[in-house]
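This is what each chain is made of:
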Amino acid sequence: MLTARERIERQKSIPSLIRLHRALSRLKSTVTMMNTGAHPDDEQSGMLAYFRLGLGMRVIVACSTRGEGGQNALGPERLGVLGMMRTREMEEAARALDSDVHWLGHGPEDPVHDFGFSKDGDQTFDRWGEMRTVERLVRAYRAERPDIVIPTFLDVPGQHGHHRAMTRAAEKAIRLAADPQAFPEHFQEGLSPWQVEKYYLPAWSGGGDTYDDEVPPPDATVIVDAPGREPATGVEYDRIGEWSRYYHASQGMGHWPELADTRWPLHLLLATDGTRNETSVLDGLSASLADLAASKDIAGDAAQALAAAGAAIDRAIAAFPASDAIIAALTDAARQLATARASASPAFLELHRHRLERKAREIDAALIEAAGIFDRAMLSPATLSPGETAKLSVDLAPGSEARSVAIEPVLPAGISAVADSRTGSRRSFAVTAAGDAAYSGLYPPAWSALGGNGDAHVIVSATFDGHTARATFDFEEAFAVLPASSVVMEPEALVVPLDGNRREWPVKTSLAGKDAPVSLGMDGGWSLAQTEAGQIVRAPATLATGLATITPLVGGRPALRLTPIAYPHIGRVTHRQPETLRVLTLDLKLPQGARVGYVGGGADRVGLWLSRMGLDVTELDARALAGDLSQFTTIVVGIFAFGIRKDLAAATEKLHRFVEAGGHLVTLYHRPTDGWNPLATPPRRLDIGSPSLRWRVTDPAAEVTVLAPDHVLLDGPNKIGPQDWSGWDKERGLYFAARWDEAYEPLLSMHDVNEQPLTGALVSAAIGKGRHTHTSLVLHHQLDKLVPGAFRLMANLVQPA
């Protein structure tokens, strides 16, 4: 359940008059547009804000992945957990625009997922499957029936391969969506062919800090001009777009432009009527109920009723904020629209039934909003396990009884609700999860601005002068069915040097939720023992390199780990995954006498891994960083840390003195925007390459050439050889150094196919009595993936200067 402060903040964020204004603005247009992209945050938010809030269009963001392969500027969430977090960010970003979301990919186990950066659409399709991606977009077109489709990016060299693939698929899917012979299995699901009327390309470049389009954008055939401000808020549309982007906080989004954009150039590539001369994206489209009433496919009573419905909607919009007048006009609109739907010809309904059905839902939602009927629906507790019960409370506005309000909980299979009580304006239900209720999915397939999201919601119906309006409302917190018991293994991984000096490791098995017997399924000759201090795992008599897995069992079944995700901008959700204790045995030698201070920004777990390797590691908070650093031989700065920690940025000169006096400073990769001043942040000049697409190696198997095999950082204590570059995941590195002071020596060279070698992945300089080493290798990710070579190289990098 939300706290009082959380509830206050949510109410403040979108007052009732703004909700009503947005509910009315939906009624202006019968046009649907879809913006396609590959990741949460790819949407062109400012333009979408104008389409939805300025022109009244229905706006849909079609996104191929959950962004699970991206970075996280907020915390430690990675992979599937990050994908769930970014799904929630996209949903809240869509809420800010009053738009919908249609997902093509369904998490890291799905072929269409964010596997990291790629530089070519073909490489992306090698992983996703081109026809699989196209089929999912065809399904999206047929289900959502957009009139306009606009990708955010161009399919040109220099652009992210995921973006290029989505743009290519978006165009190819247009022809196939209209083809009655294509993907006939869709028709068995109730879908039918659909013709997208217009397909635009962005007539702007996708270049910048990250990408570098090699081909100029196409000429603009039309300009989306968004002058003025959104009436309800008095804010420019582009700034409302930034309100939306604010929710992509894990990606560092949410900026304050000095000047808000008001113009977006577009290139009309495909149009069913063949036109190329237009002054608006709405030219040639039936953009309102009045336009539909004037079409050749409708006549007589149906046309008159449709025109009357449009006129009633105009009256309702003009009456804002007078709720009584709005209700009267919308009630008339609902009746007239029902008449039009009942009397329209089959040919007209074949083309426009979805528009009339959508408009009917939007009118009902606006009626219930104008009457101020619904306050909130809250489940306590917000999540259930099989066999458990909870209380659903629905708060209505005082006086709602006069409209014969009814509440219908909508719950997944295995979850039931029974009306419990009525107290004042509150309706209560007893909610029960059956003993065999299925766990909730992690990645919902869609999100709707009209509500009905997630696994559970309520339908509120009310009567308006004989018309019964129905609207869907989400619970104030996401509902989920979760395991009754979960397990966390601490640590979740062991790093075991092959030298065999250590034979035992303490482990802790923490059970949460319902009490149940827990055991460990041992693998590879490892054994479990109980001591006075707790449980320990013991190594087999003979150690062999490789990865072993120890599986905790609850009641004899493999245990699950529940990972809570909680941030103010997205609320609370829980990720679920199998729990294991992984044991990596490898040939690993540690540097003698190393005492490591780790300065993290919360975006990696390198300090933890250094400690698990057996090194003496101290996490340096602001107080420690301000103290005596001479006790450390090496200080490691985590990814993004200069941009995240102000105390670190303020300690730059102190770190330089640490190096001059004989310390070893190791900086992990940073973006140019992460507070990295090439002249002031490193001890000597070191420029990070931009745009990053030109300064990264995305192939994790790319050949690595060692330029200085006898360099101290590559020669010991672990001799780095070809085997240390095998088994890498996702990519080699990014944000490579591009230019550096002559004091630095490049140690490695690598490149993607058909590209020039890059030598800025690992550079090191002897400075004074100490050393500065900067690496752009994604070592933090390889450590999480238990790649042996990453541990061996990391041990070398933290050796004393």
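A quick note: this is a predicted structure, and the numbers were derived from the prediction, not measured.

(A) View of the nonpolar core. One finds Leu610, Ile635, Val636, Leu748, Leu777, Phe791 and Met794 to be the most contacted residues of the largest nonpolar core, which totals 74 residues. Of the residues forming this core, the biggest block, six residues, is contributed by helix H21 (residues 788-797). One finds Ala303, Ala305, Ala366 and Ile407 within the second-largest nonpolar core, a separate group that totals 64 residues.

(B) Geometry of the sheet that holds strand S11 (residues 406-410). Spatial strand order, S11-S15-S16: three strands in an open sheet with antiparallel pairing. Each end of this open sheet is capped by a strand with a single partner; those strands are S11 and strand S16 (467-474). Averaged over all adjacent pairs, the angle separating strand axes in this sheet is 25°, with direction ignored. Here S11 pairs with strand S15 (residues 457-464) via five bridges, running antiparallel. Counterpart to isoleucine 407 in the pairing with S15 is valine 460. Against the sheet, helix H13 (residues 346-370) engages S15 and S16, with an angle of about 85° to S16.

(C) Structural view of unusual backbone geometry. Of note, the amide linkage connecting phenylalanine 320 to proline 321 takes the cis form, showing an omega dihedral of 5°. Inspection of the secondary structure assignment puts proline 321 in the loop between helix H11 (300-319) and helix H12 (323-343). Cis geometry marks the peptide bond from serine 690 to proline 691; its omega dihedral reads -5°. Its place among the elements puts proline 691 in the loop between strand S33 (686-688) and strand S34 (704-706). Phi at aspartate 98 takes a positive value of approximately 55°, unusual for a residue other than glycine. Mapping aspartate 98 onto the fold places it in the loop between helix H4 (79-97) and strand S3 (100-103).

(D) Seen up close, the packing of aromatic side chains. Throughout the structure, instances matching the rule amount to nine aromatic pairs. Measuring from centroid to centroid gives 4.0 Å for phenylalanine 374 and phenylalanine 473, while their planes differ by 15°, and the two rings are stacked. Of this pair, phenylalanine 374 sits in strand S8 (residues 374-380) while phenylalanine 473 is found in strand S16, placing the two residues 99 residues apart along the sequence. On the accessibility criterion, phenylalanine 374 (13% relative accessible area) is buried. Here the aromatic rings of phenylalanine 640 and tyrosine 669 are separated by 5.7 Å at their centres, their planes lie at 80°, and the arrangement is edge-to-face. Taken together, the positions of phenylalanine 640 in the loop between strand S31 (634-637) and helix H16 (641-644) and tyrosine 669 in the loop between strand S32 (664-667) and S33 put the pair 29 residues apart, joining distant regions of the chain. Neither phenylalanine 640 nor tyrosine 669 differs from the other in exposure class; each is buried. Ring pairing ties together the aromatic residues Phe640, Tyr669 and Tyr735, which thus form one cluster. Arginine 127 extends its terminal NZ or CZ atom over the ring of phenylalanine 115, reaching a point 4.2 Å from the ring centre. The cationic tip of arginine 612 hangs over the ring face of tryptophan 609; the distance from NZ or CZ to the ring centre is 5.1 Å.

(E) Spotlight on helix H9 (residues 237-245). A large share of H9 lies buried, amounting to eight of its nine residues. For H9, the full list of buried residues reads Tyr237, Asp238, Arg239, Ile240, Gly241, Glu242, Ser244 and Arg245.

(F) Representation of the sheet that holds strand S10 (residues 389-396) in the model. Ordered by their spatial adjacency, four strands build an open sheet running S8-S10-S13-S12, and the pairing between neighbours is antiparallel. What marks the edges here is a single partner per strand, and that holds for S8 and strand S12 (415-423). Averaged over all adjacent pairs, the angle separating strand axes in this sheet is 20°, with direction ignored.

(G) Here's a closer look at the environment of glycine 727. Within the fold, glycine 727 resides in the loop between helix H19 (712-715) and strand S35 (737-740). Taking relative accessible area as the criterion, glycine 727 reaches 63% and is therefore assigned exposed. Along the backbone, glycine 727 and threonine 563 are 164 residues apart, and their C-alpha atoms lie at a distance of 27 Å.

Rules and cut-offs
Residues numbered from 1 in each chain as written. Predicted model: local features only at pLDDT ≥ 70, side-chain atom pairs only at ≥ 80, totals over all residues. Heavy atoms only, no water. Core = buried A, V, L, I, M, F, W, Y, C linked by side-chain atoms within 4.5 Å. Buried < 20%, exposed > 50% of the residue type's maximum accessible area, 1.4 Å probe, protein only. Helix = DSSP H or I, 4+ residues; strand = E, 2+ residues; numbered from the N terminus. Pairing = 2+ DSSP bridges. Axes fitted to C-alpha atoms, helices over the stretch in contact; angles between N-to-C directions. Contact = heavy atoms within 4.5 Å. Phe/Tyr/Trp six-rings, centres within 6.5 Å; stacked < 30°, edge-to-face > 60°. Lys NZ or Arg CZ within 6 Å of the ring centre and 35° of its normal.

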